Amino acid sequence: MKTEIGIYQQALLEHHKNPIGFQMPILATHAACGENAICGDEITVEVNIAFGKIQELSFLGDSCAICRASASMMCQHLLDQPIALIVELTKRAMDLINGDIDSDLKDIACYSSLSVIREHPVRKQCALLPWQTFINAINKTNL
Amino acid sequence: MASTSIWKDDFPIFSSHAHPKLCYLDSAATCLTPKRVATAMYHYQCYSHANSHKGLYKLSANATELVEKSRSKVADFLNAPTKSELVFTSGTTESINIVANCFVAPKMSAHANIVISSAEHHANILPWQKICKAHGAQLRIAPLTLGGLIDTMALSALLDENTLIVAISHVSNVLGGINPVAEICQLAQKKGIAVLVDGAQAVAHGNFNLTEIGCDFYTFSAHKLYGPTGCGVLYAKGEHLTQMPPYILGGGIINKVSFEETSYINSPLKFEPGSHNVIGIVGLVEAIDYLNDISWFEITHHMSDISAYLHHKLAQLHFIQPLLKHNRDEQLLPWLITFRVEGVHAHDVASLLDSENIAVRVGHHCAQPLHKLYDVNASIRVSLGIYNSYQDIDRLIVALNNAYQLLVIREFE
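Calculation notes
Residues numbered from 1 in each chain as written. Chains lettered and ligands numbered in written order. Predicted model: local features only at pLDDT ≥ 70, side-chain atom pairs only at ≥ 80, totals over all residues. Contact = placed C-beta atoms within 7 Å. Helix = DSSP H or I, 4+ residues; strand = E, 2+ residues; numbered from the N terminus. Nonpolar A, V, L, I, M, F, W, Y, C, P; charged D, E, K, R; others polar. Expected span 1.5 Å × (residues − 1). Buried ≥ 20, exposed ≤ 12 C-beta atoms within 10 Å, placed from the backbone. Domains from an automatic or database assignment. Pairing = 2+ DSSP bridges. Axes fitted to C-alpha atoms, helices over the stretch in contact; angles between N-to-C directions. Core = buried A, V, L, I, M, F, W, Y, C linked by C-beta atoms within 7 Å. Parallel < 35°, antiparallel > 145°, perpendicular 65-115°, else oblique. Left-handed = near helix turned anticlockwise from the far one by under 90°.

Draft legend 1. Seen up close, the interface of chain B and chain A. Each partner contributes residues to the interface: chain B has 17 residues there, and chain A has 17 residues. Secondary-structure elements contributing two or more residues to the side of chain B that touches chain A are helix 11 (346-354), strand 14 (361-363) and helix 13 (390-407) of chain B. Of all the elements, helix 11 of chain B adds the most residues to the side of chain B that touches chain A, at 6 residues. Considered class by class, the residues forming the side of chain B that touches chain A number 7 nonpolar, 7 polar and 3 charged.

As structure tokens, this is what we get:
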């Protein structure tokens, strides 16, 4: 078991302290709330989908550094991505967190630092929550 | 000056081959186990184990005698009127469910109401909520004072002729203050209303006198008293035990069974079906003996000393936001404190403390409604045991400073 300090790598800390998409007002077409009952993370993900692409993506809520950094990376990576690809991209991010794929694959390079979570099983749900909430949001009908 | 605890060496978990660097600050969740307790349980299971209350042979009779002597010892510990009013259960959760389902549920109607407080553990909310919903009855919530104790007068105003029970904690597992349970019992019983007191967090304070408290039901778990998990006690007034039907049905609780009908025995054994958890009961009684041997005066003195130090040191950190602010002049500060770190999520604080071998509890501590009342999702709880000392608190303070420095978001600096 790795010591927990290792989870707070510089890349994650940077996203935690300067998150992308946090509390950014957008004209949301889709939104969902998610929570992690064990630790109390709460997150709302808002999405603007138009012309077959993610036009805007934001999140808000009271969540831990891991959840917040993961959400920030999600906002960075999924912006401008075509709808046809986002389910697969999200699945790959969640596979990375779960340790099901390698972190050196090119298409996931921008959030490869999330791979550290796999060594900290109790924190996996923190990192997964934004992605799960995003999927719930886009599966809902338009706002 | 409790710079160290003279009892820490009694706990093998701190030995060099186990966790010598462990700083355990989660005793409200479960207390660590003294060697004496573990040894007593080992010896019983290896050399004396048999099915109690069933066999006629010596080994079984000895096990029966052990359980019944243990019942007497627990009665003495609680200053309960008689041992025949004590039921061994699996813990506080089961005890409350027994009372909800066997004492209250049979009397429920749509006009009835049950009174609890805002500071209850889920174990003392859910059983009452369930039976209220099933009958369309009211669950009434007594508020707290600014000091975090149950507001006695406000609770009294909720009681009426349709109140079936008042179910309250003796000590909140989040706020830690000692509620005025004797006063609440007097108020309720003047109106003919039964009172259940959840003593899970109070039991480690010792110095009990159930007769003085005057409640109808009292319950606690052994593992909050340096004993094992899976064993607890329900005290119930004899008249209630007689009236209540059994909860779980099985062997050992009957006078006579036919395929048409069953008559049940009239004793605590009615609520102890199947085989007794004798090893758990042995552990509970050994824990009581261990604490009695130390003396409750010494324990209270030590715990009060380190609690005052904990509250004092945390109050010096500008980023600590306690759920409840205590007056530093209070003579007896709670043996726990629940707080947030400004700008850092509780889960991250716990992870970083864990990296320095410091164990604390984070989350809602099975008290979500109380957290909602204080408008927080998650908090950090530090709770003390007899093995703790100033050294542990000093380590906590350093680690909290480190966590804050690493993770604080600039807007909070």
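Right, picking up where we left off after that structure.
Draft legend 2. Inspection of helix 2 (residues 65-78) of chain A at higher detail. All names here are of chain A. Spanning 14 residues, helix 2 covers 20 Å between terminal C-alpha atoms, matching the ideal 20 Å at 1.5 Å per step. Among the 14 residues that make up helix 2, 13 are buried, leaving the element largely enclosed by the rest of the structure. Asp80, located one to two residues past helix 2, shows a positive phi value of around 70 degrees.

Draft legend 3. Quick look at helix 3 (residues 92-104) of chain B. Given a rise of 1.5 Å per residue, 13 residues ought to cover 18 Å, and the 17 Å separating the end C-alpha atoms of helix 3 of chain B matches this to within 8%. Listed in full, the buried residues belonging to helix 3 of chain B are Thr92, Thr93, Ser95, Ile96, Ile98, Val99, Ala100, Phe103 and Val104 of chain B.

Draft legend 4. Representation of the domain arrangement of chain B in the model. Residue and element names in this part refer to chain B. Partitioning chain B into domains gives domain 1 (8-32 + 295-412) and domain 2 (38-291). The distance between the C-alpha centroids of domain 1 and domain 2 comes to 29 Å. Listed as interface residues are 19 residues of domain 1 and, on the opposing side, 22 residues of domain 2.

Draft legend 5. A look at the pairing of strand 7 (residues 217-221) of chain B. The buried fraction of strand 7 of chain B amounts to 5 of the 5 residues, a majority that puts the element mostly inside the structure. Side-chain alternation along strand 7 of chain B places Phe217, Thr219 and Ser221 of chain B on one buried face and Tyr218 and Phe220 of chain B on a second face that is also buried.

Draft legend 6. Geometry of the sheet that holds strand 5 (residues 163-169) of chain B. Residue and element names in this part refer to chain B. Read across the open sheet, the 7 strands follow the order 2-8-7-6-5-3-4; overall the sheet is mixed. Among the strands making up the open sheet, the edge pair consists of strand 2 (86-89) and strand 4 (138-142). Each neighbouring strand pair of the sheet contributes to a mean axis angle of 20 degrees, computed without reference to strand direction. Taken together, the 5 bridges between strand 7 and strand 8 (residues 232-236) define a ladder with antiparallel strand orientation. By the bridge assignment for strand 8, Thr219 is matched with Leu234. Of the strands in this sheet, strand 3 (113-117), strand 4 and strand 5 touch helix 4 (residues 126-135), which is tilted by about 145 degrees from strand 4.

Draft legend 7. Spatial organisation of the sheet that holds strand 1 (residues 30-36) of chain A. Residue and element names in this part refer to chain A. Ordered by their spatial adjacency, 3 strands build an open sheet running 1-2-3, and the pairing between neighbours is antiparallel. Sheet topology places strand 1 and strand 3 (53-60) at the edges, where each strand pairs with a single neighbour. Adjacent strand axes in the sheet meet at a mean angle of 20 degrees when their direction is disregarded. Where strand 2 (residues 41-50) meets strand 3, 7 bridges bridge the pair, whose relative direction is antiparallel. The residue of strand 3 that forms the bridge with Asn48 is Glu56. Strands in contact with helix 4 (residues 124-139) are strand 1, strand 2 and strand 3; relative to strand 1, the strand with the most contacts, it is inclined by about 150 degrees.

Draft legend 8. The nonpolar core, seen in detail. With 159 residues, the main nonpolar core has Ile66 of chain A together with Ile114, Val195, Cys215, Tyr235, Val349 and Ala403 of chain B as its most contacted residues. Each of domain 1 (8-32 + 295-412) and domain 2 (38-291) of chain B contributes no fewer than three residues to this core. What Ile66 of chain A contacts, discounting residues up to four positions off in sequence, is Ile7, Leu12, Ile117, Arg123, Cys126 and Ala127 of chain A.

Draft legend 9. Broad picture of the packing of helix 3 of chain B against helix 4 of chain B. Residues and elements named next belong to chain B. Put simply, helix 3 and helix 4 touch, their axes get as near as 9 Å, and they point 25 degrees apart. The angle between helix 3 and helix 4 places the two elements in the roughly parallel class. Where helix 3 crosses over helix 4, the two elements pack in a sense that is right-handed. Touching Ile96, Asn97, Ala100 and Val104 of helix 3 are Pro127, Trp128 and Ile131, all from helix 4. Among the residues forming the contact of helix 3 with helix 4, the class breakdown is 6 nonpolar, 1 polar and no charged.

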